[in-house]
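Remarks on the overall topology
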Amino acid sequence: MLIRDATIDDVPTITDLFNALISTTTIAWRDQPASADEMLDWFAHQHENGDPVLVADDHGITVGYTSWTAFRGGDRFPGYRHTVEHTIHVDGNYHGQGIGRSLLTALIEIARQRGLHVMVAGIDADNTASIALHHGLGFAEVARMPETGRKFDRWLDLVLMQRILT
């Protein structure tokens, strides 16, 4: 498995990975899938900001991705400039093979190289696999926020996890 920087050619697969669980799970607190244009705009914004987008490449097939965004508004609140919030998505056919761990490990290393101090994950409380992955990579649960989201006519709890990098 090769972990590499994403290219514009990866965006359709990244879009599919992003959208894969929206209609059936609470992993992403979103009601509608992202459009191709939305994801192209997101990808361009990531590159303009110098924020990484990494993919897991299995012999030419993109099977997962990870990225980060500025925490709590970026430039609007410069006190958070040393903190980022990340996301990670792996094709369901590849779960349990260490791909998420490899992607997140690579992202953590980039964050360290760039002098970031904290990485944050916001995870649906029912996503026990993601919580376990993050625990295994040194993230600590720092908050459990009841009923902060709503999807499928039910209230959802948010787990915030963080890892101090320096």
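Residues numbered from 1 in each chain as written. Predicted model: local features only at pLDDT ≥ 70, side-chain atom pairs only at ≥ 80, totals over all residues. Heavy atoms only, no water.

**Examining the overall build of the chain**
Heads up, the condition is: Put simply, DSSP marks the helices as runs of H or I at least four residues long and the strands as runs of E at least two long, and each gets a number from the N terminus on. Just to be clear, the radius of gyration here is over C-alpha atoms, and the globule rule we use is 2.2 Å times residues to the power 0.38. Residue burial is assigned from relative accessible area. The probe radius is 1.4 Å, only protein chains are included, and a residue is buried under 20% of its type maximum, exposed over 50%, and partly exposed in between. Throughout, a residue-residue contact means that at least one pair of heavy atoms, one from each residue, lies within 4.5 Å. Accessible surface area values rest on a Shrake-Rupley calculation with a 1.4 Å probe, where residue burial reflects the displayed protein chains alone. Under the counting rule used here, the positive set is Lys and Arg, the negative set is Asp and Glu, and His together with the chain ends is not counted. Charge placement uses NZ in Lys and CZ in Arg. For Asp and Glu, CG and CD serve respectively.
Counting its secondary structure elements, the chain contains four helices and seven strands. Against the 2.2 N^0.38 benchmark of 15 Å for 166 residues, the chain shows a C-alpha radius of gyration of 15 Å, consistent with a compact globule. With the principal axes as the frame, the chain shows a C-alpha extent of 40 × 35 × 30 Å. The buried share of the chain, reckoned over its 166 residues, is 43%. For the chain, contacts bridging at least 24 residues in sequence account for 62% of all contacts bridging at least 6. Split by element, the accessible area of the chain, about 9,100 Å² in all, is 52% carbon and sulfur. On the chain, the mean spot of the 13 positive side-chain charges and the mean spot of the 22 negative ones are 8 Å from each other.

**A look at the side chain of H86**
We apply this condition: We define a polar contact as two N or O atoms separated by no more than 3.5 Å, with the added condition that, inside protein, one atom must be a possible hydrogen donor and the other a possible acceptor, whereas residues neighbouring each other in sequence contribute only through side-chain atom pairs.
Its place among the elements puts H86 in strand 4 (residues 83-90). Only 2.7 Å separates the side chain of H86 from the side chain of H134, close enough to count as a polar contact.

**What about the nonpolar core?**
Formally: Nonpolar cores were defined as sets of buried Ala, Val, Leu, Ile, Met, Phe, Trp, Tyr and Cys residues, with membership established by side-chain atoms within 4.5 Å.
Ranked by internal contacts, the top residues of the largest apolar core, which has 27 residues, are W68, I99, L103, L104, M119, F139 and M161. If we ignore the near neighbours within four places in the chain, the residues touching M161 are M119, V120, A121, I123, I131, H134, H135, F139, A140, E141 and V142. Judged by nonpolar contacts, the second largest core, of 14 residues, contains L17, W42, V53 and Y65.

**Digging into the packing of aromatic side chains**
Two measures describe an aromatic ring pair: the distance that separates the ring centres and the angle between the ring planes. Counted only if it meets this: Geometry of aromatic contacts follows a simple scheme: Phe, Tyr and Trp rings, the Trp one being its six-membered ring, pair when their centres are within 6.5 Å, and the pair is stacked under 30 degrees between planes, edge-to-face over 60, tilted otherwise. The criterion for a charge sitting over a ring is simple: Lys NZ or Arg CZ within 6 Å of the ring centre, and within 35 degrees of the ring normal.
Applying the stated criterion across every chain yields a total of three aromatic pairs. Geometrically, the ring pair formed by W42 and F43 is tilted, given 6.3 Å between the ring centres and 55° between the ring planes. Neither W42 nor F43 differs from the other in exposure class; each is buried. Here F71 and Y80 contribute two aromatic rings whose centre-to-centre distance is 5.4 Å and whose plane-to-plane angle is 75°, an arrangement assigned as edge-to-face. The ring of W155 carries R150 above its face, with NZ or CZ at 4.7 Å from the centroid.

**Comments concerning the layout of surface pockets**
Gaps left between atoms are located by rolling a probe of water-molecule size over the structure's atoms. To keep things clear, this is the line we draw: Note on definitions: the grid is 1 Å and covers protein atoms alone; a cavity is a set of points where a 1.4 Å probe fits but cannot get out; a pocket is an open set with protein on both sides within 12 Å along at least five of seven lines; lining residues have an atom within 4 Å of a point. Grid points are joined across faces, edges and corners, and a volume is the space filled by probe spheres set on the points. Under the grouping applied here, Gly and all other residues not named as nonpolar or charged are polar, the nonpolar ones being Ala, Val, Leu, Ile, Met, Phe, Trp, Tyr, Cys and Pro and the charged ones Asp, Glu, Lys and Arg.
As a volume, the largest pocket reaches approximately 1,300 Å³. Along the wall of the largest pocket there are 48 residues; nearest its centre are I27, T87, I88, H89 and N127. Those elements that place two or more of their residues in the lining of the largest pocket are helix 1 (11-19), helix 2 (36-49), strand 3 (61-70), strand 4, helix 3 (99-113), strand 5 (118-124), helix 4 (128-136) and strand 7 (154-164). Take the lining of the largest pocket: its biggest share by element is six residues, from strand 4. Considering the residues around the second largest pocket, the lining is formed by 20 residues, among which D51, A70, G74, D75 and R81 are closest to the centre. Contributions of two or more residues to the lining of the second largest pocket are made by helix 2, strand 3 and strand 4. Residue composition of the lining of the second largest pocket, by class: seven nonpolar, nine polar and four charged.

**Section: the sheet that holds strand 4**
Rules: One requirement defines pairing of two strands: DSSP has to find at least two bridges between them. Every angle, taken between N-to-C directions, lies between 0 and 180 degrees, and every axis is a line fitted to C-alpha atoms, over only the stretch in contact when it is a helix.
Ordered in space as 1-2-3-4-5-7-6, the seven strands form an open sheet in which the pairing is mixed. In this open sheet, the two edge strands, each paired with only one partner strand, are strand 1 (2-5) and strand 6 (140-151). Averaged over all adjacent pairs, the angle separating strand axes in this sheet is 25°, with direction ignored. Of the pairings in the sheet, the one linking strand 2 (residues 53-58) to strand 3 comprises six bridges and is antiparallel in character. Bridged to V53 within strand 3 is S67. Each of strand 2, strand 3 and strand 4 is contacted by helix 1, which is oriented at about 75° to strand 3, the strand it contacts most.

That is the geometry; function is a separate question.
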